[in-house]
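# Understanding the architecture of this molecule
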Amino acid sequence: MDKKLKLAVIGSPIRHSKSPEIHQNFANQFDAKIEFTKDRVTPDTLETWLADFFKDDGKGVSITLPLKEAALNYADEISDRARLASACNVIYAKDEKVFADCTDGFGLIKDLEENLKFTLKDKKILILGAGGAARGIIPSIIEKNPSQLKIANRTKSKAILLKEDLEGKVDLKEKHLIFEAGDLADDFLLANSYDLVINSTSVSTLAGESIGVPKTIFSGTKLAYDLFYSAEKTIFMQEALENGAKKVSDGWGMLVEQGAESFRLWTNLIPDTSRLLEKSID
Ligand code: ATR
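Residues numbered from 1 in each chain as written. Predicted model: local features only at pLDDT ≥ 70, side-chain atom pairs only at ≥ 80, totals over all residues. Heavy atoms only, no water.

### What to know about the domain arrangement of the protein
Once the domains are mapped, the protein shows domain 1 (5–102 + 253–278) and domain 2 (105–250). Here the C-alpha centroids of domain 1 and domain 2 sit 24 Å apart. On the side of domain 2, 23 residues touch domain 1, which itself brings 21 residues to the contact. Taking both sides of the interface into account, the surface hidden between domain 1 and domain 2 amounts to around 1700 Å²; carbon and sulfur atoms contribute 65%. (Domains from an automatic or database assignment. Contact = heavy atoms within 4.5 Å. Buried area = accessible area lost by both parts, 1.4 Å probe.)

### Observations concerning the side chain of E261
Relative to the helices and strands, E261 is located in helix α9 (residues 252–267). Residue classification places E261 among the buried positions, given a relative accessible area of 8%. The contacts of E261, once residues within four sequence positions are left out, are R81, T103 and F106. (Helix = DSSP H or I, 4+ residues; strand = E, 2+ residues; numbered from the N terminus. Buried < 20%, exposed > 50% of the residue type's maximum accessible area, 1.4 Å probe, protein only.)

### Considering the site of the ligand
Around the ligand sit 16 residues in total, of which G132, A133, N153, T155 and K158 are the nearest. A distance of 2.6 Å separates an oxygen atom of the ligand from a polar side-chain atom of N153. K158 is positioned such that a nitrogen or oxygen atom in its side chain is 2.9 Å from an oxygen atom of the ligand. When isolated, the ligand has an accessible area of 640 Å², and the protein chains bury 84% of it. Put simply, the ligand lies in the largest pocket. (Near = heavy atom within 4 Å. Polar contact = N/O pair within 3.5 Å; in protein donor to acceptor, adjacent residues only side chain to side chain. Areas by Shrake-Rupley, 256 points an atom, 1.4 Å probe, with all protein chains shown as cover. 1 Å grid on protein atoms, 1.4 Å probe; cavity = no way out; pocket = protein on both sides within 12 Å on 5 of 7 lines; lining within 4 Å. Sits in = over half its atoms within 2 Å of the grid points.)

### Looking at the packing of helix α5 (residues 132–143) against helix α6 (residues 156–167)
Running from amino to carboxyl end, α5 crosses α6 at an angle of 45°, the nearest separation of the two axes being 12 Å. When the interaxial angle is binned, α5 and α6 end up oblique. In the packing of α5 onto α6, the handedness of the crossing is right-handed. Taking contact as the criterion, the partners of A134, R135, I138, P139 and I142 in α5 are, on α6, L161, L162, D165 and L166. (Axes fitted to C-alpha atoms, helices over the stretch in contact; angles between N-to-C directions. Parallel < 35°, antiparallel > 145°, perpendicular 65-115°, else oblique. Left-handed = near helix turned anticlockwise from the far one by under 90°.)

### Remarks on the nonpolar core
Where a protein is soluble and globular, its nonpolar side chains tend to be buried together. Grouped together as the largest cluster of nonpolar side chains are 30 residues, with contacts concentrated most on I138, I198 and Y225. Contributing elements (two or more residues each) for this core: α4 (104–115), β7 (124–128), α5, β8 (148–152), α6, β9 (178–182), β10 (196–199) and β11 (223–226). The element contributing the most residues to this core is α5, with five residues. If you look at the next biggest cluster of nonpolar residues, it comprises 22 residues, including A8, L46, A87 and C88. (Core = buried A, V, L, I, M, F, W, Y, C linked by side-chain atoms within 4.5 Å.)

### A short note on the packing of aromatic side chains
If you walk through the whole model with that rule in mind, you get nine aromatic pairs. Relative to F263, the ring of F26 has its centre 5.6 Å away and its plane inclined at 65°; by these criteria the two rings are edge-to-face. Here the residue F26 occupies a position in helix α1 (residues 19–29), and F263 occupies one in helix α9, the gap between them amounting to 237 residues. Looking at F263, the relative accessible area reads 0%, which means it is buried. Arranged with centres 6.4 Å apart and planes meeting at 50°, the rings of F36 and W266 form a pair that is tilted. Here F36, found in strand β2 (residues 34–40), pairs with W266, found in helix α9; they are 230 residues apart in sequence, far enough to count as distant. Among the residues examined, F36 registers a relative accessible area of 12% and is labelled buried. A connected cluster of aromatic rings, assembled from ring pairs, spans F26, F30 and F263. Directly above the aromatic system of F99 lies the positively charged group of K94, at a separation of 5.8 Å from the ring centroid. It is K123 that lies over the ring of F118; its NZ or CZ is 5.2 Å from the centre. (Phe/Tyr/Trp six-rings, centres within 6.5 Å; stacked < 30°, edge-to-face > 60°. Lys NZ or Arg CZ within 6 Å of the ring centre and 35° of its normal.)

So this is what it looks like as structure tokens:
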């Protein structure tokens, strides 16, 4: 049993990923031996990379942008939460099969409701972006019964597709949820105020870039949450604070909590996240 558990995080860009440190912290809590690598993998190289990894006795992989949707194609079994999201952030080998799961929604809700004490029930929520990251979190948000959910994306058709996809899978009428999808245009965004604004776009990975939304969307916002994490406040967080948001957070807590849930899937061990959460910025 001295063999190290082979784990990895893949995506592009990948250099900024803190997943190796997070999982090493979890492993240390149980004296578990792991080898956790960080590899730059694009949609073109995903299939070969995964085949090689599992052939080489790999156990689990964290999947980050832009692979969250594509990676589903390489699993034998897809969990309910990944199917609902049409995206996965974790893939692992078990019983000679490859499983895909989505722990992002779990991680976000845990961070919002337990760590930041922000309850989603009856809240008005705006999500910027409609890629794999948005897909990963939306089903878990809907489950918490907000009163309103808007998805706004640069490419409007992608936001509408995401909404229609979910409408086919979840009984939204029963939830009395006002659910809308549109683009980043002023008239769509400014029709409401929002308790919570979530940035799920990949803009924060591009240094110095702004999403380009009207700044007035943040007036009345209780929390502006960036799924991305960084040592300094992201431009989204800075703009939110400067324009009326009461509180901002980056995605560090979500990253730690989704990681803990992924670690549980790989090892059956439930790590303590409190020490890592203290390192959170803001
Ligand atoms: P992820 O898995 O992180 O969601 P993705 O599927 O590539 O990655 O999605 C990236 C998201 O960021 C998309 O919503 C994208 O908008 P488009 O669908 O129009 O491409 C959004 N995005 C990326 N760059 C952006 C920018 N400069 N301004 C606004 N939105 C941007």
